[in-house]
Amino acid sequence: MIYLDNNATTPIDPGVREAMLPFLDENFGNPSSPHAPGRIAREAVEKARGQVADLLSARPDEIVFTSGGTESINTAIRGALAAQPGKRHVVTSSIEHSATKNLCEQLAREGCEVTWLRVDANGHPDMGEYRAALRDDTAIVSLVWANNETGVLFPIEEMARLADERRIVFHADAVQAAGKVPIDLSRVPVHLLALSAHKMHGPKSVGALFVRSGLGLPSLLLGGGQESGRRAGTENVAGIVGFGAAADLAKSALLPEMPRVTKLRDEFERGIRARFPQARFHGAPDNRLPNTSNFALSGLSATDLLAALDRLGVCCSVGSACVSGSPHASHVLRAMGVGDDEAKSSLRFSFSRMNTPDDVQGALAALDESARRLGLGD
Ligand SMILES: *Cc1c(COP(=O)(O)O)cnc(C)c1O
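What counts, and where the lines are drawn
- Residues numbered from 1 in each chain as written.
- Predicted model: local features only at pLDDT ≥ 70, side-chain atom pairs only at ≥ 80, totals over all residues.
- Heavy atoms only, no water.
- Domains from an automatic or database assignment.
- Contact = heavy atoms within 4.5 Å.
- Buried area = accessible area lost by both parts, 1.4 Å probe.
- Salt bridge = Lys/Arg side-chain N within 4 Å of Asp/Glu carboxyl O.
- Axes fitted to C-alpha atoms, helices over the stretch in contact; angles between N-to-C directions.
- Helix = DSSP H or I, 4+ residues; strand = E, 2+ residues; numbered from the N terminus.
- Parallel < 35°, antiparallel > 145°, perpendicular 65-115°, else oblique.
- Left-handed = near helix turned anticlockwise from the far one by under 90°.
- Nonpolar A, V, L, I, M, F, W, Y, C, P; charged D, E, K, R; others polar.
- Phe/Tyr/Trp six-rings, centres within 6.5 Å; stacked < 30°, edge-to-face > 60°.
- Buried < 20%, exposed > 50% of the residue type's maximum accessible area, 1.4 Å probe, protein only.
- Lys NZ or Arg CZ within 6 Å of the ring centre and 35° of its normal.
- Near = heavy atom within 4 Å.
- Polar contact = N/O pair within 3.5 Å; in protein donor to acceptor, adjacent residues only side chain to side chain.
- Areas by Shrake-Rupley, 256 points an atom, 1.4 Å probe, with all protein chains shown as cover.
- Pairing = 2+ DSSP bridges.

Visitor: What am I meant to see in the domain arrangement of the chain here?
Guide: Bring the parts together and some accessible area is lost; that lost area is often taken as the interface size. For the chain, the assigned domains are domain 1 (2–8 + 254–373) and domain 2 (14–249). One C-alpha centre belongs to domain 1, the other to domain 2; they are set 27 Å apart. Taken together, the contact between domain 1 and domain 2 spans 29 residues of the former and 31 residues of the latter. Around 2,500 Å² of area is buried between domain 1 and domain 2 when both sides are counted, 58% of it from carbon and sulfur atoms. Per-residue buried area on domain 1 facing domain 2 is highest for Leu289, His331 and Met336; these three make up 23% of the total on that side. At the boundary of domain 1 with domain 2, the tally comes to zero salt bridges.

Visitor: Help me understand the packing of helix H7 (residues 237–275) against helix H11 (residues 357–373), please; the structure alone is not making it clear to me.
Guide: For any two helices packed against each other, the geometry comes down to the angle between their axes and how far apart the axes lie. Contact pair H7 / H11: the axes reach a minimum separation of 10 Å and the direction vectors enclose 25°. Considered as vectors, H7 and H11 are oriented roughly parallel to each other. Viewed along their axes, H7 and H11 form a crossing whose handedness is right-handed. Where H7 abuts H11, its residues Leu264, Glu267, Phe268, Gly271, Ile272 and Arg275 lie against Pro357, Val360, Gln361, Ala363, Leu364, Leu367 and Asp368. The residue inventory of the contact of H7 with H11, partitioned by class, reads eight nonpolar, two polar and three charged.

Visitor: How should the packing of aromatic side chains be read in this particular structure?
Guide: Aromatic ring pairs: the centre-centre distance and the angle between the two ring planes describe each pair. Overall, the coordinates contain six aromatic pairs when judged by the stated rule. Pairing phenylalanine 268 with phenylalanine 349 gives two aromatic rings, centres 4.7 Å apart and planes at 50°, and the pair type is tilted. Here the residue phenylalanine 268 occupies a position in helix H7, and phenylalanine 349 occupies one in strand S12 (residues 346–350), the gap between them amounting to 81 residues. Across the pair, exposure class does not vary: phenylalanine 268 and phenylalanine 349 are buried alike. Pairing phenylalanine 295 with phenylalanine 349 gives two aromatic rings, centres 5.7 Å apart and planes at 5°, and the pair type is stacked. One end of the pair, phenylalanine 295, is in strand S10 (residues 292–296); the other, phenylalanine 349, is in strand S12, and 54 residues separate them in sequence. When sorted by exposure, phenylalanine 295 lands in the same class as phenylalanine 349, which is buried. In this arrangement the basic side chain of arginine 273 is found over the ring face of phenylalanine 281, its NZ or CZ atom lying 4.2 Å from the centre.

Visitor: How should the site of the ligand be read in this particular structure?
Guide: Residues in close proximity to the ligand total 13 residues, the closest being Thr70, Asp173, Gln176, Ser196 and Lys199. In this structure, an oxygen atom belonging to the ligand sits 2.8 Å away from a main-chain N or O atom of glycine 69. A distance of 2.6 Å separates an oxygen atom of the ligand from a polar atom in the side chain of threonine 70. Summarising the interface, the protein chains cover 89% of the accessible area of the ligand, which totals 380 Å² for the free molecule. It is helix H3 (residues 69–83) that provides the largest number of residues to the shell around the ligand, a total of three residues. By residue class, the composition of the shell around the ligand is three nonpolar, eight polar and two charged.

Visitor: Looking at this structure, I do not really get the sheet that holds strand S4 (residues 113–117). What am I missing?
Guide: Note: strands within a sheet are paired through backbone hydrogen bonds, in either parallel or antiparallel orientation. Read from one edge to the other, the open sheet built from seven strands follows the order S2-S8-S7-S6-S5-S3-S4, with strand pairing classed as mixed. Two strands close off the open sheet at either side, each with one partner strand: strand S2 (63–66) and S4. Geometrically, the sheet is characterised by an average inter-axis angle of 20° between neighbouring strands, direction not taken into account. Two strands pair when backbone bridges link them, and strand S7 (residues 192–196) and strand S8 (residues 207–211) are joined in this way by five bridges, in the antiparallel orientation. Pairing of alanine 194 across the sheet is with leucine 209, part of S8. Contacts from H3 reach S2, strand S3 (89–93), strand S5 (138–144), strand S6 (169–173), S7 and S8 within the one sheet, and its direction differs from that of S7 by about 165°.

Structure (structure tokens):
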């Protein structure tokens, strides 16, 4: 199998698995229990908190563990609105992950006013439009740092600074950015930031919300006093331990591995251009994640191509995994001005540090064969 769908989820790193096993086995204690097994679990959770904080250059007490990216995003946005009852305006963009998109659509139904920032053909926002969107009654700005479909990076440092100057809470969805580009929250005035373990070779259904110290954010879930009252529910200890190990590995792999991943992706794109002169690549070529490639092969159905590649053991994605199977063209590509037909012939390939040059050659050969079978080039 050649797995090139790492923006949907990543394989678990063997080091992460090793770290987790004792917590699925003999170390089963509840971190809230004041006895020996409880203390072992508590220490493991606190060690992981430090590891996740380190990845962001944050403080351990600024990390709240959650069930993943989706919960972190919901906690950030609903929390900011609940903490500022007089403010009912939300700024987001037209290319957000469905977690943010569907929540903000729901908030609009509940009476909030939502500003959806547009993007240009490269996937970039207009800074003039952004400045004009910030208002005295803006409760939160929530923007994706790196888009999951195209890999395009938003100028989050500058956007966070502008919100911070206006004393507006700024949330960044860094689920795709973390581990792929450096994130230094000691320099960037982001107030809230969402992470997910399974996008960085950790386990599924565990993530974190960075909450800058001093920011009072109510818990989305009510119950026990876990996570210093910021997220109720007994901790997913094994998952959190795995997340900590994944963050540690991501931090040490960032500088040595990302240039290698970039080379794999670029070699793949050169191969695509050579084989399919009609290929149209989506997203700013030099301002995107090192691992993501999204392009259209017009005249071909992306869902048919995905199925043909799957039969040859190559995994990729049409648009984003969360909308696979739905007949709608990707909202991200449409926001970038890509037509419906072109969007429906667009595929996403996403690499990771676990891929090899052989994967690139194998995927290109499989694409050749699949496209020929589907009648391209006849
Ligand atoms: C995957 C993803 C999410 C959701 O994270 P989960 O942990 O799967 O809930 C949010 N934002 C982006 C950009 C993502 O890629």
